[in-house]
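If you want the building blocks of each chain, they are given just below.
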Amino acid sequence: MSTLVLDNGAYFAKIGYSHEKVSVIPNCQFRSKTSRLKTFTANQLDEIKDPSGLFFILPFQKGYLVNWDVQRKVWDHLFGKDMFKVDFADTNIVITEPYFNFSSIQDTMNEILFEEYQFQSALRINAGSLSAHRYFHENNSELCCIVVDSGFSFTHIVPYCRGRKMKEGICRINVGGKLLSNHLKEIISYRQLHVMDETYVINQVKEDVCYVSQDFYKDMEIAQLKGEDNTVMRDYVLPDFSSIKKGFCKPREEMNFTGKYKTGEQILRLTNERFAVPEMLFHPSDIGIQEMGIPEALVNSINNMPEEMQPHFYKNIVLTGGNALFPGYRDRVYKEVRALAPVEYQVSVVLPQNPICYPWEGGKLLAENPDFEEMVVTREDYEENGHYVCEEKFDI
Amino acid sequence: QLLKSRQDINPSQACRVRSQDPNQRRVLDSATRQRRLTRQLEALEKDNFQDDPHASLPQLVKRLPQFDESNESGKRRKKTRGDHFKQRFRKNFQTLLEEEDLSVSEGPNYLTAFAEPSKFPQRHFCAVCGFPSNYTCVSCGARYCCVRCLGTHHETRCLKWTV
């Protein structure tokens, strides 16, 4: 009886057996202008020789699974003989869902897992609950923690107490990696080069070059300086897929501050975009989205909790999700929360080694937990009682 | 008016192109500006800005002969289920949200989890260069930081497409 842990994200699916390592695989299909007939699924992305103008087909919309056709195709590929070779009758599955998932989607998920794939048993859970489980496993003495999951579609701030999520405190900011990449595409297209079609390439740019600034206005002033004094400015070499396979950032020593470059590469010169784009996580109002940023929403969420629990939440803030990988993210969150929190409380912000796989690791621990057998719903259970038993057992 | 602009240097050259006569300059009202902003924000939610490369292919290409005849009987059973799913579950996000009918249920749900507007004032950035801006374009409400950026804005974006 093996257990497959699948953190079903809107961009990456983190999947692996609980006794093996995790694989991070794109959870979508791709179509390319060059290879016209074939649709690439998930990790077949590596086979595409020319990822320019890559067309994404995502099963998720605004963070919720709406397109089951695409999702089933991706899962067929992942569960099939090329990847994990799942023996359905002998496997449990732990699968994650977004918060406040719609009941129609939950029912469909039950049907697909039990009737189409026919897993032996299944556990549907929120990704943040797995992160909290992992955190409590490491810090046994703590009672409460608050998880900030900043992913592709949105950011959720969820308080957990004794392993259960507190629904009144859940806060959703509609800013995620997708918004940041699209915004970066727009401003580069307006200021320098038309890249609106190049989602994959600009995503790479964002990951390589963007960082979270500790002092926004000071960085803005530095970015306005000319020549060598402008320590913020970087040149990014775009890939042309013949000689340069993958874009990279030019090191400062090679940069040419006056005049143009002699070689024929395409260069993007990035100054304030480097830190203005991740700033949207902290101030969504910069772009016109009338919502609180992450630090403010954290404090707001904690203030909605009972008084006696509040100091415990401030002491255990956990950052997960892809956006946590921006350099300077953790320090900035700490600085802002410390400024907004009452002075007598201790504030501690934890950034795990691998924020993307943190929930998956929690799922792995959960699968090894002795209580696991009672938490899952078996196929026989489902066939007798239907959706009702899943609604009762799973706390979504 | 002409006399003044001849004395000015380059930055105001762009302003000369546009008529400064208040009667001729079109100004958008706040409702239109709000609609434009909403359109821009919705555009940021898109997955792809280009069209599907497979969209223009003729349908015949997809019905290539199957090479593996032996799998037919096993796959046939799955295919009917697949079509069934396709008809039932091809709904988009908005439809699903409405179906959920959250106004009826009590307690925290998807809609109540929405983050509230920030207590801090909104910061404004120049639409052209991205640095902090102090001024607003009279016609369309876009922000700019200096006269050179205003010139670029007028030439490229101001009122170039209507809502």
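Predicted model, so just to flag it, every value in this text is computed and none were measured.

1. A few points about the overall build of chain A
When its secondary structure is counted, chain A shows 15 helices and 20 strands. Taking 2.2 N^0.38 as the reference for a compact globule, 396 residues should give roughly 21 Å; the C-alpha atoms of chain A span a radius of gyration of 22 Å, in line with that estimate. Taking all 396 residues of chain A together, 61% fall into the buried category. Considering only residue pairs separated by 6 or more positions, chain A has 65% of its internal contacts joining residues 24 or more positions apart. Counting only carbon and sulfur atoms, one obtains 49% of the accessible surface of chain A, whose full area is about 15,900 Å². Each charge class in chain A can be summarised by its mean position, and for the 42 positive and 56 negative side chains these summaries are 7 Å apart.

2. Observations concerning the sheet that holds strand E9 (residues 91–97) of chain A
All names here are of chain A. One open sheet accounts for 6 strands, arranged E3-E2-E1-E9-E10-E20; its pairing is mixed. For this open sheet the edge positions go to strand E3 (23–26) and strand E20 (377–378), each flanked by a neighbour on one side alone. Across 2 bridges, the pairing between strand E10 (residues 121–126) and E20 is antiparallel. Across the sheet, the residue bridging to Ala122 is Val377, located in E20. Of the strands in this sheet, strand E1 (2–8), E9 and E10 touch helix H3 (residues 127–138), which is tilted by about 85° from E10.

3. Considerations on helix H2 (residues 103–117) of chain A
Residues and elements named next belong to chain A. When the terminal C-alpha atoms of H2 are compared, their 20 Å separation across 15 residues agrees well with the 21 Å that a helix rising 1.5 Å per residue should span. Along H2, the positions that sit buried rather than exposed are Ile105, Gln106, Thr108, Met109, Asn110, Glu111, Ile112, Leu113, Phe114, Glu116 and Tyr117. Of the residues one or two after H2, Gln118 is the one with positive phi, at around 60°.

4. Remarks on empty space enclosed by the protein
For the structure on display, the rule yields 3 cavities of 30 Å³ or more. Approximately 110 Å³ is the volume attributed to the largest cavity. Forming the boundary of the largest cavity are Tyr11, Phe56, Leu58, Phe152, Lys178, Ser181, Asn182, Thr199 and Asn203 of chain A together with Lys46 and Asp47 of chain B. Elements supplying a minimum of two residues to the lining of the largest cavity: helix H4 (177–191) and helix H5 (199–209) of chain A. Here the element with the most residues in the lining of the largest cavity is H4 of chain A; it accounts for 3 residues.

5. Quick notes on the interface of chain A and chain B
Taken together, the contact pairs 69 residues of chain A with 55 residues of chain B. Buried surface at the junction of chain A and chain B, summed over both partners, amounts to about 5,900 Å²; 55% is from carbon and sulfur atoms. In terms of surface lost to chain B, no three residues of chain A exceed Phe102, Arg172 and Tyr190 of chain A, which account for 13% of the buried area on that side. At the junction of chain A and chain B, the tally comes to 3 salt bridges. Taking the shortest distance from any N to any O, the salt bridge between Glu45 of chain B and Lys178 of chain A comes out at 4.0 Å.

6. Brief notes about the confidence of the model for chain B
Residues with a pLDDT of 70 or more make up 58% of chain B, whose mean pLDDT is 69. For the stretch residues 1–17 of chain B, pLDDT sits under 50, and the model shows 7 contacts to residues farther than four places along the chain or on other chains.

7. Observations concerning the packing of H2 of chain A against helix H5 (residues 93–100) of chain B
In contact at an axis separation of 9 Å, H2 of chain A and H5 of chain B are set at 105° when each is read in the N-to-C sense. With respect to each other, H2 of chain A and H5 of chain B are oriented roughly perpendicular. Of the residues in H5 of chain B, those touching H2 of chain A at Ser103, Ser104 and Ile105 of chain A are Leu96, Glu99 and Glu100 of chain B. Looking at the contact of H2 of chain A with H5 of chain B residue by residue, the class counts come to 2 nonpolar, 2 polar and 2 charged.

8. Points about the packing of aromatic side chains
On inspection of all chains with the given rule, the structure shows 26 aromatic pairs over all chains. When the centroid spacing of 5.7 Å and the interplanar angle of 35° are considered together, the rings of Tyr135 of chain B and Tyr144 of chain B count as tilted. Following the ring pairs from residue to residue traces out a cluster consisting of Trp68, Trp75, Phe79, Phe88, Tyr117 and Phe119 of chain A. Between the NZ or CZ atom of Arg172 of chain A and the centre of the ring of Tyr110 of chain B, over which it lies, the distance is 3.8 Å. Geometry around Phe282 of chain A places Arg332 of chain A over its ring, the cationic atom sitting 4.7 Å from the centre.

9. Structural notes on the sheet that holds strand E5 (residues 39–41) of chain A
All names here are of chain A. With antiparallel pairing, 3 strands are arranged side by side in an open sheet as E5-E4-E6. Across the chains shown, the open sheet's two edge strands, defined by having one partner strand only, are E5 and strand E6 (55–57). Sheet twist, expressed as the average angle between the axes of neighbouring strands with direction ignored, equals 30°. Pairing of strand E4 (residues 29–31) with E6 involves 3 bridges; the strand directions are antiparallel. From the neighbouring strand, Phe30 faces E6, where its bridge partner is Phe56.

10. What to know about the UniProt feature "domain: HIT-type" (unreviewed entry) in chain B
Under the local residue numbering, the UniProt record ascribes the feature "domain: HIT-type" (unreviewed entry) to residues 126–158 of chain B. Between the C-alpha atoms that bound residues 126–158 of chain B the distance is 13 Å, and the span itself is 30% helix and 12% strand.

11. Notes on the pairing of E1 of chain A
Residue and element names in this part refer to chain A. Among the 7 residues in E1, 6 count as buried, and that is most of the element. Here 5 bridges tie E1 to E9, and the two strands are oriented parallel to one another. For Leu4, the partnering residue across the bridge sits in E9 and is Ile93. Summarising the sheet, E1 and strand E2 (residues 12–17) pair through 5 bridges and their orientation is antiparallel. Considered in E2, the bridge of Leu4 is made with Tyr17.

12. Quick notes on the nonpolar core
All names here are of chain A. Core analysis: the largest hydrophobic core is formed by 65 residues, its most contacted members being Trp75, Phe79 and Ile93. Setting aside chain neighbours within four positions, we find Trp75 in contact with Leu6, Asn8, Trp68, Gly80, Ile95, Met109, Ile112 and Tyr117. Core analysis: the next-biggest nonpolar cluster, separate from the first, contains 55 residues, Leu179, Met280, Ile289 and Val347 among them.

13. Comments concerning the state of the cysteines
Residue and element names in this part refer to chain B. Counted according to the given criterion, the structure contains 0 disulfides over all chains. No disulfide involves Cys126; its nearest neighbouring cysteine sulfur is the one of Cys129, lying 3.6 Å away. On the basis of relative accessibility, which here comes to 3%, the residue Cys126 falls in the buried class. With no disulfide partner, Cys146 has as its closest neighbouring cysteine sulfur the one in Cys149, 3.7 Å distant. Note on Cys146: relative accessible area 28%, which makes it partly exposed.

Conventions used here
Residues numbered from 1 in each chain as written. Chains lettered and ligands numbered in written order. Predicted model: local features only at pLDDT ≥ 70, side-chain atom pairs only at ≥ 80, totals over all residues. Heavy atoms only, no water. Helix = DSSP H or I, 4+ residues; strand = E, 2+ residues; numbered from the N terminus. Rg over C-alpha atoms; globule rule 2.2 N^0.38 Å. Buried < 20%, exposed > 50% of the residue type's maximum accessible area, 1.4 Å probe, protein only. Contact = heavy atoms within 4.5 Å. Areas by Shrake-Rupley, 256 points an atom, 1.4 Å probe, with all protein chains shown as cover. Lys, Arg positive; Asp, Glu negative; His and termini not counted. Charge placed at Lys NZ, Arg CZ, Asp CG, Glu CD. Pairing = 2+ DSSP bridges. Axes fitted to C-alpha atoms, helices over the stretch in contact; angles between N-to-C directions. Expected span 1.5 Å × (residues − 1). 1 Å grid on protein atoms, 1.4 Å probe; cavity = no way out; pocket = protein on both sides within 12 Å on 5 of 7 lines; lining within 4 Å. Points joined across faces, edges and corners; volume = space filled by probe spheres on them. Buried area = accessible area lost by both parts, 1.4 Å probe. Salt bridge = Lys/Arg side-chain N within 4 Å of Asp/Glu carboxyl O. pLDDT = per-residue confidence, 0-100. Parallel < 35°, antiparallel > 145°, perpendicular 65-115°, else oblique. Nonpolar A, V, L, I, M, F, W, Y, C, P; charged D, E, K, R; others polar. Phe/Tyr/Trp six-rings, centres within 6.5 Å; stacked < 30°, edge-to-face > 60°. Lys NZ or Arg CZ within 6 Å of the ring centre and 35° of its normal. UniProt positions renumbered as here; feature names shortened; annotations may be inferred. Core = buried A, V, L, I, M, F, W, Y, C linked by side-chain atoms within 4.5 Å. Disulfide = S-S within 2.5 Å.

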